[in-house]
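# Survey of secondary and tertiary structure
Spelled out, the chains give:
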Amino acid sequence: MKSIEVAMKITGKEAVIYLDSIPDRVALHRKDNTDKFWSYKLKLGKKTEFAFDPKTTTGLFVRVDREPPQIAGLSEVQRISGKDVSTALERVFSGGLHKANYQVTIESQAALDAFISHYESL
């Protein structure tokens, strides 16, 4: 059972491939000069922005400007606004309302799709 759970995890590398496959929904916004974080902007809704390390192989740990929804496949939600966050995050978000306010773990491609769909509906 443990090996099945690991196989279902999505990594930063896999997320980049998936996001590249849906250019009508989401666009690469900015890359940090050290490639520590890449940010993406949704094309619909309130143009929510989110960022993650595209090189991770252990999971998908996303920073997002709006509170994450309570849906299956999203876990470890933390409010990070006002906390000491990586300066790389400041460089990849637009600023103003678009800054890293929350951190969330996305556990699968299906959960990533549901995460995007939620913000598109706002």
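The structure under discussion appears in the preceding block.
Here is what the cut-offs are and how they apply
- Residues numbered from 1 in each chain as written.
- Predicted model: local features only at pLDDT ≥ 70, side-chain atom pairs only at ≥ 80, totals over all residues.
- Heavy atoms only, no water.
- Helix = DSSP H or I, 4+ residues; strand = E, 2+ residues; numbered from the N terminus.
- Buried < 20%, exposed > 50% of the residue type's maximum accessible area, 1.4 Å probe, protein only.
- Contact = heavy atoms within 4.5 Å.
- Areas by Shrake-Rupley, 256 points an atom, 1.4 Å probe, with all protein chains shown as cover.
- Polar contact = N/O pair within 3.5 Å; in protein donor to acceptor, adjacent residues only side chain to side chain.
- Axes fitted to C-alpha atoms, helices over the stretch in contact; angles between N-to-C directions.
- Parallel < 35°, antiparallel > 145°, perpendicular 65-115°, else oblique.
- Left-handed = near helix turned anticlockwise from the far one by under 90°.
- Nonpolar A, V, L, I, M, F, W, Y, C, P; charged D, E, K, R; others polar.
- Core = buried A, V, L, I, M, F, W, Y, C linked by side-chain atoms within 4.5 Å.
- Phe/Tyr/Trp six-rings, centres within 6.5 Å; stacked < 30°, edge-to-face > 60°.
- Pairing = 2+ DSSP bridges.

### Quick word on the overall build of the protein chain
Along its length, the protein chain carries four helices and six strands. In the protein chain, the order of α-helices and β-strands from amino to carboxyl end is α-α-β-β-β-β-β-α-β-α. When its C-alpha atoms are laid out on the principal axes, the protein chain stretches across 45 × 30 × 25 Å. Within the protein chain, the fraction of its 122 residues that count as buried is 45%. Put simply, 63% of the contacts in the protein chain that link residues at least 6 apart link residues at least 24 apart. On the protein chain, roughly 6700 Å² of surface is accessible, and the fraction owed to carbon and sulfur atoms is 53%.

### Quick word on the side chain of Ser-75
Note on placement: Ser-75 falls in strand S5 (residues 74–79). Residue classification places Ser-75 among the buried positions, given a relative accessible area of 17%. Within the structure, Ser-75 has its side chain in polar contact with the side chain of Glu-107 (distance 2.6 Å). Each residue touching Ser-75, except ones within four places of it in the same chain, is listed here: Val-104, Thr-105 and Glu-107.

### Overview of the packing of helix H2 (residues 12–20) against helix H4 (residues 109–120)
Where H2 meets H4, the axes come as close as 11 Å, and the angle between the chain directions of the two elements is 50 degrees. The angle between H2 and H4 places the two elements in the oblique class. Considering the relative orientation of H2 and H4, their crossing is right-handed. Between H2 and H4, the residues in contact are Ala-15, Tyr-18 and Leu-19 and Gln-109, Leu-112, Asp-113 and Ile-116, respectively. Of the residues contributing to the contact of H2 with H4, the split by class is five nonpolar, one polar and one charged.

### Comments concerning the nonpolar core
Counting residues in hydrophobic clusters, the biggest one holds 24 residues, and the most contacted among them are Leu-19, Phe-50, Phe-52, Ile-106, Leu-112 and Phe-115. Residue assignment for this core shows that the elements contributing at least two residues are H2, strand S2 (38–42), strand S3 (49–52), strand S4 (60–64), strand S6 (102–106) and H4. Considering every element that reaches this core, the biggest residue donor is H4, with five residues. Residues within four places of Phe-115 in sequence aside, it is in contact with Phe-50, Val-62, Val-64, Pro-69, Ile-71, Leu-74, Val-104 and Ile-106. Counting eight residues, the second-largest nonpolar core is a separate cluster that includes Phe-37, Ile-80, Ala-88 and Ala-100.

### What about the packing of aromatic side chains?
One pass over the full model with this rule turns up four aromatic pairs. Considering the side-chain rings of Tyr-40 and Phe-50, the 5.8 Å spacing of their centres and the 20 degrees angle between planes classify their relative orientation as stacked. You can see Tyr-40 sitting in strand S2 and its partner Phe-50 sitting in strand S3, a full 10 residues away along the chain. Considered together, Tyr-40 and Phe-50 belong to a single accessibility category, that of buried residues.

### Describing the pairing of S4
The buried fraction of S4 amounts to four of the five residues, a majority that puts the element mostly inside the structure. The sheet contact formed by S3 and S4 spans two bridges and is antiparallel. Across the sheet, Ala-51 pairs through a bridge with Arg-63, a residue of S4. Bridge count between S4 and S6: five bridges; the pairing is antiparallel. Along S6, the bridge assignment pairs Leu-60 with Ile-106.

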